[in-house]
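# Topology and contacts: notes
Here are the chains, one letter per residue:
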Amino acid sequence: AAGVIQSPRHLIKEKRETATLKCYPIPRHDTVYWYQQGPGQDPQFLISFYEKMQSDKGSIPDRFSAQQFSDYHSELNMSSLELGDSALYFCASSLGTSGRAKVGEQYFGPGTRLTVT
Amino acid sequence: QKEVEQDPGPLSVPEGAIVSLNCTYSNSAFQYFMWYRQYSRKGPELLMYTYSSGNKEDGRFTAQVDKSSKYISLFIRDSQPSDSATYLCAMFTSGTYKYIFGTGTRLKVLA
């Protein structure tokens, strides 16, 4: 079965640079979530999109922005990178809460490991 | 105080033991409860998902929810070394699109 795809898998950037992470949800999933997971930490919710609209916002810095496109893939743009941004960034997808969708079944991608030097 | 609390462990058990992993939560609006397994440097993998109080069984795994006590558990029977991973509980409320995770419990099953 198709899973959530994230690219790139690894990214090394210098301080103050920008980075763009991409997420391709499971086919027919309309909801995308972004999480940041530091070493030994739980995934911290950043932002989510449902049907291409931002649906919820968590602890996402103002330096970060994201969007969901017409094909439901999502991109997380990170600017003015700081050392503390080094983490695993996970994307997850699910079906939204409409219709007979299986609410709650959120599937994670393999993550992008961002290292800021 | 975090909305979801989970003992970080590590928890070491011998192969074949029954493992009990637990989370408590403070937000009574949470309606959906998930358990994820995360191997090192991998994305969390959904194990079980439930929305009602009581037990839900899937193979060697049983998820238990007690909404009156705001307490959820995951039981693993006949634990195997391949079960060694970090187990994360997660919760959310219908109508929102924000999952709240526990810190995860590191489990090590010794052969």
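A brief structural summary.

Cut-off values and rules
Residues numbered from 1 in each chain as written. Chains lettered and ligands numbered in written order. Predicted model: local features only at pLDDT ≥ 70, side-chain atom pairs only at ≥ 80, totals over all residues. Heavy atoms only, no water. Salt bridge = Lys/Arg side-chain N within 4 Å of Asp/Glu carboxyl O. Buried < 20%, exposed > 50% of the residue type's maximum accessible area, 1.4 Å probe, protein only. Helix = DSSP H or I, 4+ residues; strand = E, 2+ residues; numbered from the N terminus. Contact = heavy atoms within 4.5 Å. Polar contact = N/O pair within 3.5 Å; in protein donor to acceptor, adjacent residues only side chain to side chain. Pairing = 2+ DSSP bridges. Axes fitted to C-alpha atoms, helices over the stretch in contact; angles between N-to-C directions. Buried area = accessible area lost by both parts, 1.4 Å probe. Nonpolar A, V, L, I, M, F, W, Y, C, P; charged D, E, K, R; others polar.

### Comments concerning the pattern of salt bridges
Evaluation of the coordinates by the stated rule reveals 8 salt bridges over all chains. With a closest N to O distance of 3.2 Å, Arg37(B) and Glu45(B) form a salt bridge. For Arg37(B), a relative accessible area of 12% corresponds to the buried category. The closest approach of N and O atoms between Asp83(B) and Arg60(B), which form a salt bridge, is 2.9 Å. Here Arg60(B) lies in the loop between strand 6 (54-58) and strand 7 (61-66) and Asp83(B) lies in the loop between strand 8 (71-76) and strand 9 (85-92), a separation of 23 residues in the sequence. Residue classification places Arg60(B) among the partly exposed positions, given a relative accessible area of 25%. Salt bridges sharing partners connect three or more residues here, namely Arg63(A), Glu82(A) and Asp85(A).

### Re the environment of Ala66(A)
Residue and element names in this part refer to chain A. One can find Ala-66 in strand 7 (residues 64-68). Classification of Ala-66 by relative accessible area gives buried; the value is 19%. Sequence separation between Ala-66 and Gln-36 is 30 residues; the distance between their C-alpha atoms is 13 Å. Sequence-distant contacts of Ala-66, defined by excluding residues within four places in its chain, comprise Trp-34, Ile-47, Phe-49, Glu-75 and Leu-76.

### Brief notes about unusual backbone geometry
All names here are of chain A. Cis geometry marks the peptide bond from Ser-7 to Pro-8, where omega comes out at -10 degrees. Among the secondary structure elements, Pro-8 is positioned in the loop between strand 1 (5-7) and strand 2 (10-13). Although it is not a glycine, Ser-80 sits at a positive phi angle of roughly 45 degrees. Classification of Ser-80 as partly exposed rests on a relative accessible area of 39%.

### With respect to the side chain of Gln37(A)
Among the structural elements, Gln37(A) can be located in strand 4 (residues 31-37). On the basis of relative accessibility, which here comes to 8%, the residue Gln37(A) falls in the buried class. Among the polar contacts listed, one links the side chain of Gln37(A) to the side chain of Gln38(B), at a separation of 2.8 Å.

### Some points on the sheet that holds strand 1 of chain A
Residue and element names in this part refer to chain A. An order of 1-3-8-7 is seen for the 4 strands of this open sheet, with the pairing classed as antiparallel. In this open sheet, the two strands that pair with only one neighbour each are strand 1 and strand 7. Averaged over all pairs of adjacent strands, the angle between strand axes in this sheet comes to 15 degrees, irrespective of strand direction. Across 3 bridges, strand 1 lies against strand 3 (residues 19-24) in antiparallel orientation. Counted as the bridge partner of Ile-5 is Tyr-24 from strand 3.

### Regarding the interface of chain B and chain A
Taken together, the contact between chain B and chain A spans 21 residues of the former and 26 residues of the latter. Together, the buried faces of chain B and chain A total about 1,900 Å²; carbon and sulfur atoms form 57% of this surface. Between the two partners, chain B and chain A, sit 1 salt bridge. We note a salt bridge from Lys2(B) to Asp42(A), for which the minimum N-O separation is 3.2 Å. For the pair chain B and chain A, the number of links is 2 residue pairs in polar contact (both at pLDDT 80 or more). Those elements giving two or more residues to the side of chain B that touches chain A turn out to be strand 4 (32-38), strand 5 (45-50) and strand 9 of chain B. By residue number, the principal contributor to the side of chain B that touches chain A is strand 4 of chain B, which donates 4 residues. Counted by class, the side of chain B that touches chain A contains 11 nonpolar, 6 polar and 4 charged residues.

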